Amino acid sequence: MENNNWMQQLLMLGIGTTSVVADKIKEASEQLVKDGKLDPEQAKAVMDDVVQELKSEQGNWDKNMQRQMKNMLQDLGVARQSEVDELRGRIDRLERQVRDLENKLWK
């Protein structure tokens, strides 16, 4: 769970960074409108484009981060959940076989 928490914190950092960038761009566009260098419609279009691009980049960042984490955990030898589940099933079957053999011996 600790690794999962660390990954969640990294993802939140990326989301926070994206939010800060969007806020700064919004402030800059509002200032350009106030200074008369950009009309409100242009500012809105620019803002919409930037926000869309940031969302797209955020998705790419999330995917890259997940891939990096997966590779890092694999390099460290950490078992995937599917591998752990498979081993649990094998242990359950072996325990059942041992119980069956013990029962046959004591009968």
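Preceding this section is the structure that the text describes.
Residues numbered from 1 in each chain as written. Predicted model: local features only at pLDDT ≥ 70, side-chain atom pairs only at ≥ 80, totals over all residues. Heavy atoms only, no water.

## What about the overall build of the chain?
Here comes step 1: Along its length, the chain carries three helices and zero strands.
Here comes step 2: N-terminal to C-terminal, the α/β element order of the chain is α-α-α.
Here comes step 3: Relative to its full complement of 107 residues, the chain shows a buried share of 12%.
Here comes step 4: Carbon together with sulfur atoms contributes 54% to the accessible area of the chain, which is approximately 9200 Å² in total. (Helix = DSSP H or I, 4+ residues; strand = E, 2+ residues; numbered from the N terminus. Buried < 20%, exposed > 50% of the residue type's maximum accessible area, 1.4 Å probe, protein only. Areas by Shrake-Rupley, 256 points an atom, 1.4 Å probe, with all protein chains shown as cover.)

## What to know about the pattern of salt bridges
Here comes step 1: Going through the model one piece at a time under the given rule, you end up with two salt bridges.
Here comes step 2: Between Asp85 and Arg88 there is a salt bridge, with the nearest N and O atoms lying 3.6 Å from each other. Linking Asp85 with Arg88, this pair stays in helix α3 (residues 81-106), spanning three residues, or about one helical turn.
Here comes step 3: Residue class for Asp85 comes out partly exposed when judged on its relative accessible area of 41%. (Salt bridge = Lys/Arg side-chain N within 4 Å of Asp/Glu carboxyl O.)

## So, the environment of Ala22
Here comes step 1: By the element assignment, Ala22 lies in helix α1 (residues 2-34).
Here comes step 2: With 29 residues separating them in the primary sequence, Ala22 and Val51 have C-alpha atoms 6.4 Å apart.
Here comes step 3: Here Ala22 is in contact with Met47 and Leu54, once residues within four sequence places are set aside. (Contact = heavy atoms within 4.5 Å.)

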